[in-house]
Amino acid sequence: MESLPLELPADTVQPIASQLRCHPTDKGITLHIDEEYKLRHFGEYFYIPQMQDLPPIDLSLVNKDENAIYFLGNSPSLQPKMVKTYLEELDKGAKMGAYSHEVRKCPWIIGDESITGLMIDIIGANEKEIALMSGLTVNLHLLLLPLFKPTPNWYKIILEAKDLPSDYYAIESQLQLHGLNIEKSMWIIKPREGAETLRMEDVLEVTEKKGDSIAVILFSGVHFYPGQLFNIPAITKGGQAKGCFVGLDLAHAVGNVELHLHDWGVDLACWCSYKYVNSGAGDLVGVFVYEKHAHTIKLALVEWFGHELNTRLKMDNKLQSIPRGQWIQMDSVDSNPPICWSGPHMLSLEIFKQPTMTLRRKSVLLTGYLEYMIKYCYNKDKAESKKPLVNIITPSHIEDQGCQLTLLFFVPMKYVFQELEKRAVVYDKQESNGIRVASVPVYNSFHDTYKFVSLPISVLDSAETKKS
């Protein structure tokens, strides 16, 4: 992704409010921005669920033909419409049989390799550093096996608190594989007491003081719970200065924020594709290996499709490893990559090649406006108001957030959760009083933010009426 100066939401909204002679929270502001915005047509590339098709919906409360308010792009994202086009490509395979290995837009034998180039700008890497394969946790294991070679003095792995369970389980099993004590070898960096997010100075302090015994630092690019975007260049520089390998789980960062893995010198990374990349549940996922490791790290496991393509079918059992990120490649099958995944993944990635301005810039404006609206409508100082008190635990600085906001409500929320779902708001519930919402720039609009923020107010008002 191209790095551009990011425009603060206020710099966009205030002039429009003055032009329209209305308050920045007015509905007309959102409609105006959506009409003028250069990326407004991107929503047409996706199937957005209609209200009438969602299971929890109450048709007496909504217009059944309207689109749902889909703020769950940080989990199962929406399906690109072009996926159906690829299903037609599969018909060609049915007609041509084995010839589909080498013919068609996406030949089966290189179904993954033919689309790695579409990931270059998204993760900021050279094509030879990327491989698309398998599943996220499997890939994490494959990355760690050749890199994590613990010694009596160099054996610890650092993670952040409340990391994804997949990462925890992978690290635990890696430590057990080497006969190491998990409590002594797996360090969890926690936020300070009373805080929900980490301070970078605390992360760097641990690395500086304890780095000589740390083998691997494994962090998220964006933490899935509070939505905190970590300072990856600083973590990488600090860790490598102490001799640590630095790895990233980019499940909530790929397709969400700008990444420059090669320029930052990150050692390894893995990610899934069903969130912000919109490729669908179970689709192809990816790995990144910094190019220098292709010649310095000996693979722990090898597999046929890690062999050079031009001699792969010679079958002389003399391995010629691919000198690129794909040297670590091990597919979930022992021949072709899963072609039913490769096509939809290719189509979703092609969407990211089209913007005339970066999606990140729109994301900053969209998320910033959502944050502004929430703070205005649910201000803690309005003691006389019946509006719910809300705390946004996601950092408010642009450089510390992606497009997700995590909201904690200081009122019992079970009723509100149910009522929001009845009104076709799709989001992620977290713990008892929290929700995660992601306004995804490729298909969410500014008007979506207006509709979302207004709904909890009306829901709580109806709750009060019901009591009385």
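Up top you'll find the structure we're talking about.
Residues numbered from 1 in each chain as written. Predicted model: local features only at pLDDT ≥ 70, side-chain atom pairs only at ≥ 80, totals over all residues. Heavy atoms only, no water.

*Asks:* How would you explain a nonpolar patch on the surface if you had to name every residue and give the values?
*Replies:* Together, Trp-304, Leu-313 and Met-315 make up a nonpolar patch on the protein surface, roughly 320 Å² of accessible area in all. Here Met-315 falls in the exposed class, since its relative accessible area comes to 56%. (Patch = residues over 30% accessible without salt bridge, like charges linked within 9 Å, V, L, I, M, F, W, Y side chains within 5 Å. Areas by Shrake-Rupley, 256 points an atom, 1.4 Å probe, with all protein chains shown as cover. Salt bridge = Lys/Arg side-chain N within 4 Å of Asp/Glu carboxyl O. Buried < 20%, exposed > 50% of the residue type's maximum accessible area, 1.4 Å probe, protein only.)

*Asks:* An account of the nonpolar core is needed here, citing residue identities and associated values.
*Replies:* Ile-123, Phe-219, Leu-407 and Phe-452 are the most contacted members of the largest nonpolar core, which totals 100 residues. Ranked by residues supplied to this core, first place goes to helix H12 (residues 359-377) with eight residues. Those residues in contact with Leu-407 that lie beyond four places of it in its chain are Ile-374, Val-390, Asn-391, Ile-392, Asn-433, Gly-434, Ile-435, Val-437 and Phe-452. Counting residues in each nonpolar core, the second largest holds 34 residues, with Met-133, Leu-144, Phe-148 and Tyr-225 among its members. (Core = buried A, V, L, I, M, F, W, Y, C linked by side-chain atoms within 4.5 Å. Helix = DSSP H or I, 4+ residues; strand = E, 2+ residues; numbered from the N terminus. Contact = heavy atoms within 4.5 Å.)

*Asks:* For the packing of aromatic side chains, give the residues involved together with the corresponding values.
*Replies:* Throughout the structure, instances matching the rule amount to 10 aromatic pairs. On the numbers, 6.4 Å between centres and 20 degrees between planes, the contact of Tyr-372 with Tyr-376 is stacked. Residue Tyr-372 and its partner Tyr-376 are both found in helix H12; the two are separated by four residues, about one turn of the helix. A relative accessible area of 33% places Tyr-372 in the partly exposed class. A relative accessible area of 36% means that Tyr-376 is categorised as partly exposed. Plain terms: the ring middles of Phe-417 and Tyr-427 are 6.3 Å apart, the flat faces sit at 45 degrees to each other, and that makes the pair tilted. In this pair, Phe-417 sits in helix H13 (residues 414-422) while Tyr-427 sits in the loop between strand S11 (425-426) and strand S12 (428-430), placing the two residues 10 residues apart along the sequence. Per residue, the accessibility class of Phe-417 equals that of Tyr-427, and both read buried. An aromatic cluster is defined as three or more aromatic residues linked by ring pairs; in this entry it consists of Tyr-369, Tyr-372, Tyr-376 and Phe-446. (Phe/Tyr/Trp six-rings, centres within 6.5 Å; stacked < 30°, edge-to-face > 60°.)

*Asks:* Go over unusual backbone geometry, please, and point to the residues and values.
*Replies:* Phi at Asn-278 is positive, roughly 65 degrees, even though this residue is not glycine. Tracing the chain through its elements places Asn-278 in the loop between strand S7 (268-271) and strand S8 (286-289).

*Asks:* Give a detailed account of the sheet that holds strand S4 (residues 186-189), specifying residues and quantitative values.
*Replies:* Pairing is mixed in the open sheet, where seven strands are placed in the order S2-S8-S7-S6-S5-S3-S4. Each of the sheet's edge strands pairs with one partner strand only, and the pair in question is strand S2 (130-132) and S4. Ignoring strand direction, the axes of neighbouring strands in this sheet form an average angle of 20 degrees. Bridge count between strand S3 (residues 156-160) and strand S5 (residues 214-220): three bridges; the pairing is parallel. For Ile-158, the partnering residue across the bridge sits in S5 and is Ile-217. (Pairing = 2+ DSSP bridges. Axes fitted to C-alpha atoms, helices over the stretch in contact; angles between N-to-C directions.)

*Asks:* Go over the environment of Trp-304, please, and point to the residues and values.
*Replies:* Residue placement: Trp-304 occurs in the loop between S8 and helix H11 (339-351). We classify Trp-304 as partly exposed; its relative accessible area is 33%. Measuring from C-alpha to C-alpha, the distance between Trp-304 and Leu-319 comes to 8.1 Å, with 15 residues separating the pair along the chain.

*Asks:* Let's hear about the sheet that holds strand S13 (residues 434-438): which residues, and what values?
*Replies:* Within the open sheet, the four strands sit side by side as S9-S10-S13-S12. Their pairing is antiparallel. Each of the sheet's edge strands pairs with one partner strand only, and the pair in question is strand S9 (390-392) and S12. Averaged over neighbouring strand pairs, the angle between their axes works out to 30 degrees when direction is ignored. Summarising the sheet, S12 and S13 pair through three bridges and their orientation is antiparallel. When the bridges of S13 are listed, Gln-430 appears paired with Gly-434. Contacts from H12 reach S9, strand S10 (404-409) and S13 within the one sheet, and its direction differs from that of S10 by about 15 degrees.

*Asks:* Tell me about the pairing of S7, and please be specific about residues and values.
*Replies:* In the case of a regular strand, side chains alternate between the two sheet surfaces. Of the two faces of S7, the one holding Leu-268 and Cys-270 and the one holding Ala-269 and Trp-271 are both buried throughout. As paired elements, strand S6 (residues 245-249) and S7 share three bridges and run parallel to each other. Paired with Asp-249 across the two strands is Cys-270, which belongs to S7.

Scope: geometric values only; no functional claims are made or implied.
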